[in-house]
Structure formats: structure tokens, C-alpha cells
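Descriptive analysis of the structure
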Amino acid sequence: MRARSSFISVVVTACLAQAALADEPRPGAAAPPTSAPRTRPPLEVVIEKSKVDLNEHHLELKASRDLAKVTIRVIGESGGVIADDARELASYRAGIPLVVAWRPSSDEPVVRIEVFAYDMDGYYKGVAITPWSVSVPHEEVNFKTDSAQIEESEKPKLEASFAKVSEALAKHQEIRVSLFIAGHTDTVGDASYNVRLSRQRAQAIAKWFRQRGLKIPIAYEGFGESALLVKTADEVDEPRNRRVDYILSVEEPAFKSTGVRPSWNRVP
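What counts, and where the lines are drawn
- Residues numbered from 1 in each chain as written.
- Predicted model: local features only at pLDDT ≥ 70, side-chain atom pairs only at ≥ 80, totals over all residues.
- Heavy atoms only, no water.
- Pairing = 2+ DSSP bridges.
- Helix = DSSP H or I, 4+ residues; strand = E, 2+ residues; numbered from the N terminus.
- Axes fitted to C-alpha atoms, helices over the stretch in contact; angles between N-to-C directions.
- Core = buried A, V, L, I, M, F, W, Y, C linked by side-chain atoms within 4.5 Å.
- Buried < 20%, exposed > 50% of the residue type's maximum accessible area, 1.4 Å probe, protein only.
- Salt bridge = Lys/Arg side-chain N within 4 Å of Asp/Glu carboxyl O.

A word on the sheet that holds strand β4 (residues 45–47)
- Strand order across the open sheet formed by 3 strands is β4-β5-β8, with antiparallel pairing between neighbours. Edge positions in the sheet fall to β4 and β8 (98–101), since each of these pairs with one other strand and no more. Averaged over all adjacent pairs, the angle separating strand axes in this sheet is 35°, with direction ignored.
- In this sheet, strand β5 (residues 58–63) lies alongside β4 in antiparallel orientation, the contact comprising 3 bridges.

So, the nonpolar core
- Counting residues in hydrophobic clusters, the biggest one holds 26 residues, and the most contacted among them are L179, I181, I205, F209, L214, I218 and Y246.
- Within the residue set of this core, elements represented by two or more residues are α1 (155–171), β11 (178–184), α2 (191–212), β12 (218–222) and β13 (243–249).
- Looking at which element gives the most residues to this core, the answer is α2, with 6 residues.
- Counting 24 residues, the second-largest nonpolar core is a separate cluster that includes I47, A63, I82 and A83.

Things to note about the pattern of salt bridges
- Using the criterion set out here, one finds 15 salt bridges in the structure.
- One salt bridge in this structure joins R65 and D119, with 2.8 Å as the shortest N-O distance. Residue R65 is located in the loop between β5 and β6 (67–76), and its partner D119 is located in strand β9 (residues 110–119); the two are separated by 54 residues in the primary sequence. For the pair formed by R65 and D119, the shared burial category is buried.

The structure is reproduced here in C-alpha cells:
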């Protein structure tokens with residue numbers, strides 16, 4: 001078996017936590033008649049995570065009823081509003097995808113997006129989205145050949161990463177996140193063995209973070225060579241593919257290259 005190493009890659013994905021607000025009359029609008037009982041179902045608004053593009057500044061929504069208006073408010077990392085736009089709709093029909101764009105006043109990272117959709121009768125539904133992304137500087141952490149044991153000489157690198165993760169969490173205490181640790185390998189060796197080894201290494205690092213004192217939920221999983229950072233042929237020794245991703249996320253992340261949602265293992 002060829003000697004292997006693994007290095008730590010610390011990333012935070014864009015996380016989307018949606019909190020739906022009540023189906024209520026539009027502020028300032030006349031209240032609907034109370035003499036007749038309301039029989040129609042409540043207004044529903046759906047925003048898919050995959051349809052939120054922070055780089056191009058737009059998202060896509062679908063509503064269960066025809067809409068008259070949509071507003072969007074974007075809050076930056078500093079807590080200030082970096083976009084506050086409204087769009088009157090002449091002919092939106094229920095169930096049709098609607099692209100809603102915003103014009104940010106700066107390139108500040110987005111912490112929260114608030115979208116309100118108003119139907120033709122003055123009722124509205126709000127959806128709050130929390131997309132969060134930050135890259136944490138890190139050092140490579142090396143494992144011995146076919147081992148998941150963290151060597152004493154490598155622990156200072158983990159300490160540095162722990163400090164960066166803690167710093168990021170301290171800045172955004174209002175966001176409920178978990179730490180997901182995903183192990184990966186290159187394409188050298190047996191694929192099933194690589195999955196087991198990457199899982200064992202991810203587990204070792206997850207346990208280290210818990211023992212070090214990280215209080216948030218921690219989960220781990222091994223992906224072997226199924227989610228390559230750099231696409232290669234089989235039996236290619238590519239150091240950038242031997243990595244462990246740290247992902248701070250509101251919900252369980254999925255790697256697009258695998259096509260499946262992993263079964264994350266939780267650390268007590």
C-alpha cells in the first residue's frame with residue numbers, strides 16, 4: 001500500500017435555514033371580511049437552496065397562490081442592510097418559478113435574506129434565509145500510512161484550526177450551526193478501503209474537536225475518492241484530493257459529485 005497523507009481543508013458552505021412567517025394581511029392593507037369563514041389553504045412560499053445564487057444576487061421562489069408583489073431585504077455580515085428591493089408583479093401565476101434579484105450596495109458577505117410574497121388579496125408569507133460562507137485559514141495535518149491516529153506533532157495545526165472555527169462562531173452567535181467533518185482520499189488503492197480510511201480519519205478529527213471543547217453538534221463521514229477536489233483517473237496520487245473538509249452548516253451538506261446525501265455520524 002502506498003504511503004498516504006491527509007491534510008485539513010477548512011471551509012464553510014453556504015447554509016440556508018428557512019423560517020416561514022405567518023400568512024397574514026399585508027401591512028397597511030384592509031383586513032379581509034370576517035363575515036365569511038376562510039376556507040382556502042394558507043399561502044405557501046418555497047425557496048430551494050439550489051436556486052439561491054449569492055454571486056449573481058438572485059433566487060427563485062414558487063408560491064401556492066397568484067402574487068401581486070415580492071419584497072427582498074438582504075442583511076450583511078456587519079448587521080447593516082445592503083439591499084432592500086420591491087417588485088410589483090403584473091401577472092404571476094401560482095406554481096410558476098419566479099426569479100427575484102437584489103442589488104447589493106457592497107460586496108459584504110450575506111448573513112440573512114428576508115423575502116415576503118404578497119397575494120392578490122393582501123395576504124403575505126415571509127421566508128427568512130440564512131446563507132453563510134467563510135473560509136478559515138489552516139495548515140495541513142498529516143497521517144501516517146494507513147493510520148487514523150493523530151500524531152502529537154500535528155496537534156498544533158488542529159489547535160490553530162480550532163481557534164479559527166471558534167472565532168467564526170463567536171462572530172455569528174445568532175446562527176445555529178453544526179460542524180460536519182468530511183474525509184476524502186485520492187484514487188490510489190481500493191475504493192472501499194479508501195472510504196473506510198477517510199471515515200476513520202474524519203472520526204478521529206471530530207472526536208479531537210469535541211475533546212478540545214467545541215460545544216456545537218459535530219458529525220463526520222468518509223467519502224473516499226467519491227468527491228474529488230481535483231478530477232483524476234484511477235490510481236493517481238493527487239495530494240489535493242487527500243483532505244478533510246470542515247463544514248459549518250445549518251443543515252446536513254451534500255456533495256454534488258456523489259449525487260447522494262450522506263449518512264452523517266454524530267459525535268456525543
